[in-house]
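Inside the fold
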Amino acid sequence: MRGMPEPQVMTVTGPMSTSALGVVDAHDHLFLRTPALPGDEFDNLERSTAEAAEGRASGIGTIVDMTPIGLGRRPDLLRAVSEAADIPIIGATGYHRDAHYPSGHWVYDASVDELAERVVADLEAGMHPADWADPDAAPDAARAGAIKAGASYHRASEAERRRLEACAIGSLRGGVPIVVHTEIGTFGHEIVDILTGFGVAPHRIILAHLDRNPDAELHAEIAARGVNLEYDTMGRTKYRPDSELLDLIEHVVSAGHLDRLLLGQDIGRRSMLRAYGGGPGMRYLMERFVPRVRRRIGDDATDAILVSNPARAFALAKPA
Ligand SMILES: [Zn+2]
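This write-up is about the structure you can find in this document. (Residues numbered from 1 in each chain as written. Predicted model: local features only at pLDDT ≥ 70, side-chain atom pairs only at ≥ 80, totals over all residues. Heavy atoms only, no water.)

To continue, consider the packing of helix H9 (residues 284-297) against helix H10 (residues 299-313). Between two packed helices, what matters for the description is the angle formed by their axes and the separation of those axes. Where H9 contacts H10, the two axes come as close as 7 Å, and the packing angle between them is 130 degrees. Of the possible angle classes, the one that applies to H9 and H10 is oblique. Of the residues in H10, those in contact with Met 286, Val 290, Val 293, Arg 294 and Ile 297 of H9 are Asp 299, Ala 301, Thr 302, Asp 303, Ile 305 and Leu 306. (Axes fitted to C-alpha atoms, helices over the stretch in contact; angles between N-to-C directions. Helix = DSSP H or I, 4+ residues; strand = E, 2+ residues; numbered from the N terminus. Parallel < 35°, antiparallel > 145°, perpendicular 65-115°, else oblique. Contact = heavy atoms within 4.5 Å.)

Written out as structure tokens, the structure reads:
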């Protein structure tokens, strides 16, 4: 497109052309701490760097770190990992569902305006260095490039609805997508209704973890609204075998929604990271899962899911 500026994403080390992203792990975590998963926190720079380097060696070109405000997000360490492991990282602002915030946390009392102001500051000035614990702290050099939001199982609480509204305001102001945690893949249509009600375009919405409810008909319905579907629970053998996820991808592609699919790994536990002594680790996507996707739907369709779909989904709607 001669004359048109190249689309860009915002990484923790600055804006980058979407054509340089390569394979995008559309949802992962390099640092995380939440009361919802006690004992499973990970916050070690050397180990997280080693994990990211192994992910890069497996073929991942860019990692989207979806750790939001309040869950031990560390923009300074994301920059350090990005530089040491030589891999672009897109960081996130926004908020998770209620289960990740202890009672009394400021996210429950803050107004929509205040919640939105912090999201916009993370996007435009740089991410807060310490989860907004000290509102006056100087912003980190890393700007967020995506927004996280969350809802509960088949419902959204009043506080979650306020945070969804704040994230919608942030998305419209900052031109970045909203990645919404769905609990066991539920409440997808309703989340889309809520966000579009606040003016967010469907193609700027990414519903995460939908594969926890591997219902291809439901997913095709949601995709038909123009929303992106993120599958990110491969390797969770305790829930179901990966073959079910491959069936799901094949069915949704057959229904005509290839261009709405994204893959991530959502490694949210220390016990899943090889560098912390766990497994299967960040290399699982490219080493174990993607070869099977290629056999099911072919190389062109697989590359669309890994490369061109996320490039479109995470592109900034306005120049950085
Ligand atoms: Zn996650």
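The next thing to look at is helix H6 (residues 188-197). Those residues of H6 that fall on the buried side of the exposure criterion are Gly 188, Ile 191, Val 192, Ile 194 and Leu 195. Taken around the axis of H6, the buried residues stretch over an arc of 160 degrees, which confines them to a single face. Lining the buried residues of H6 we find helix H5 (158-174), strand S8 (178-181), strand S9 (205-208) and helix H7 (216-224). Following H6 by one or two positions, Gly 199 has its phi on the positive side, about 100 degrees. (Buried < 20%, exposed > 50% of the residue type's maximum accessible area, 1.4 Å probe, protein only. Arc of directions from axis to C-beta.)

When helix H2 (residues 75-84) is considered as a whole, its buried residues turn out to be Pro 75, Leu 77, Leu 78, Val 81 and Ser 82. End-on view of H2: buried residues confined to an arc of 160 degrees, all on one side of the axis. Exposed residues on H2 whose side chains face more than 90 degrees from its buried face are Glu 83 and Ala 84. Two residues or fewer past H2, Asp 86 is found with a positive phi of approximately 55 degrees.

Here the focus is the pairing of strand S3 (residues 24-28). For S3, the buried fraction is high: 5 of the 5 residues fall into the buried class. In this sheet, strand S4 (residues 62-65) lies alongside S3 in parallel orientation, the contact comprising 3 bridges. Bridging across to S4, Asp 25 finds its partner in Ile 63. (Pairing = 2+ DSSP bridges.)

Below, the discussion takes up the sheet that holds S3. The strand order across the open sheet formed by 3 strands is S3-S4-S5, and the pairing between neighbours is parallel. The sheet terminates laterally at S3 and strand S5 (89-90), the two strands that pair on one side only.

What follows covers the environment of Ile 89. Relative to the elements of secondary structure, Ile 89 occurs in strand S5. In this structure the C-alpha to C-alpha distance between Ile 89 and Leu 21, which are 68 residues apart in sequence, comes to 9.6 Å.

As enumerated under the stated definition, the model contains 17 salt bridges in all. Its salt-bridge partner being Asp 299, residue Arg 294 comes within 3.1 Å of it at the nearest N-O pair. Exposure remark for Arg 294: the relative accessible area of 25% places this residue in the partly exposed category. Residues joined by salt bridges that share partners form a network here, namely Asp 247, Glu 250 and Arg 296. (Salt bridge = Lys/Arg side-chain N within 4 Å of Asp/Glu carboxyl O.)

Bringing unusual backbone geometry into the picture now. Cis peptide bonds are those with omega within 30 degrees of zero, and the linkage from Gly 279 to Pro 280 qualifies with 10 degrees. Its place among the elements puts Pro 280 in the loop between strand S11 (261-263) and H9. At Asp 131, a position not held by glycine, the phi torsion is positive, near 55 degrees. Here Asp 131 shows up in the loop between helix H4 (112-124) and strand S7 (146-150). Residues other than glycine seldom take positive phi values, yet His 154 does so here, at roughly 60 degrees.

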